[in-house]
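Okay, here's what each chain looks like letter by letter:
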Amino acid sequence: MSQPAHDGTELIPRPERNPAALKAALAVVAADRLPEMIDGQTRAMAEAIDAGGVEPIRSFVAHWAAVIEIERHPATARAFHRANYLANHAETVRECREHAAAVAEIYRAAYATVNG
């Protein structure tokens, strides 16, 4: 399976790559995931303090920018969520792998788009 082409529909413009802008964007495109994002941000900040560097925060921003890139395109979000559902409900290991590969491909493409 390959990443579905965007149908041209964007729910919101691509947000800036900072926690506040990403949180505001997520509130529009996938508000149900805000608690997950906030928890991840808290963990990233704690890891950054422990490590004495900003790499955990950069990873947090990169991940959520990719998630929002998927969610702001309805056709891509539908394909992503469908593949994820099918991977989790597959009847065979082969089916699970095929759908999981589709999930990974969509995520990697979104990640590459926003993290260049």
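Residues numbered from 1 in each chain as written. Predicted model: local features only at pLDDT ≥ 70, side-chain atom pairs only at ≥ 80, totals over all residues. Heavy atoms only, no water.

**Considerations on the overall build of the chain**
From N to C terminus, the chain includes 5 helices and 0 strands. Of the contacts made within the chain by residues no fewer than 6 positions apart, 63% connect residues no fewer than 24 positions apart. One way to put it: in the chain the 12 positive side-chain charges average out to a point 2 Å from where the 15 negative ones average out. (Helix = DSSP H or I, 4+ residues; strand = E, 2+ residues; numbered from the N terminus. Contact = heavy atoms within 4.5 Å. Lys, Arg positive; Asp, Glu negative; His and termini not counted. Charge placed at Lys NZ, Arg CZ, Asp CG, Glu CD.)

**Let's talk about the packing of aromatic side chains**
Within a pair of aromatic rings, the relevant descriptors are the distance that separates the centres and the angle that separates the planes. On inspection of all chains with the given rule, the structure shows 1 aromatic pair. Judged by centre distance (6.1 Å) and plane angle (35°), the ring pair of Tyr107 and Tyr111 falls under tilted. Here Tyr111 and Tyr107 lie together in helix 5 (residues 93-115), a separation of 4 residues that amounts to about one turn. A residue is classified by how much of its surface remains accessible, and Tyr111, at 34% relative accessible area, is partly exposed. (Phe/Tyr/Trp six-rings, centres within 6.5 Å; stacked < 30°, edge-to-face > 60°. Buried < 20%, exposed > 50% of the residue type's maximum accessible area, 1.4 Å probe, protein only.)

**Observations regarding helix 3 (residues 55-71)**
Over its 17 residues, helix 3 runs 24 Å from end to end, which matches the ideal 24 Å to within 8%, given 1.5 Å per residue. Of all 17 residues making up helix 3, 12 are buried, and the element is well covered by its neighbours. Buried within helix 3 we find Pro56, Phe60, Val61, Ala62, Trp64, Ala65, Ala66, Val67, Ile68, Glu69, Ile70 and Glu71. Considering only its buried residues, helix 3 is in contact with helix 1 (19-29), helix 2 (34-51), helix 4 (74-88) and helix 5. (Expected span 1.5 Å × (residues − 1).)

**Looking at the environment of Glu10**
Within the secondary structure, Glu10 sits in the segment before helix 1. For Glu10, a relative accessible area of 44% corresponds to the partly exposed category. Distance in space between the C-alpha atoms of Glu10 and Ile70 is 10.0 Å, their sequence separation being 60 residues. Not counting residues up to four positions away in its chain, the partners in contact with Glu10 are Arg72 and His73.

**Considering the nonpolar core**
Core analysis: the biggest nonpolar cluster contains 25 residues, and Leu22, Leu26, Met37 and Trp64 have the highest contact counts within it. Per-element tally for this core: the top contributor is helix 3, with 8 residues. (Core = buried A, V, L, I, M, F, W, Y, C linked by side-chain atoms within 4.5 Å.)

**A closer look at the environment of Val29**
One can find Val29 in helix 1. Expressed as a C-alpha distance, the spacing of Val29 and His73, which sit 44 residues apart in the sequence, is 9.1 Å. Ignoring sequence-local partners within four residues, the contact set of Val29 consists of Leu11, Ile12, Ile68, Glu71 and Arg72.

**Focus: the confidence of the model for the chain**
Parts of the model with low pLDDT should not have their predicted coordinates read in detail. Looking at the chain as a whole, its pLDDT mean stands at 93, while 94% of the residues score no less than 70. In this model, residues 1-5 is a region of pLDDT below 50 whose contacts with residues beyond four sequence positions or in other chains number 12 contacts. (pLDDT = per-residue confidence, 0-100.)

**Overview of the pattern of salt bridges**
All told, the structure shown has 7 salt bridges when counted by the stated rule. Linking Arg43 and Asp39 is a salt bridge whose minimum nitrogen-to-oxygen distance equals 3.1 Å. Linking Arg43 with Asp39, this pair stays in helix 2, spanning 4 residues, or about one helical turn. Through salt bridges with shared partners, a single ionic network connects Glu10, Arg14, Glu69 and Arg72. (Salt bridge = Lys/Arg side-chain N within 4 Å of Asp/Glu carboxyl O.)

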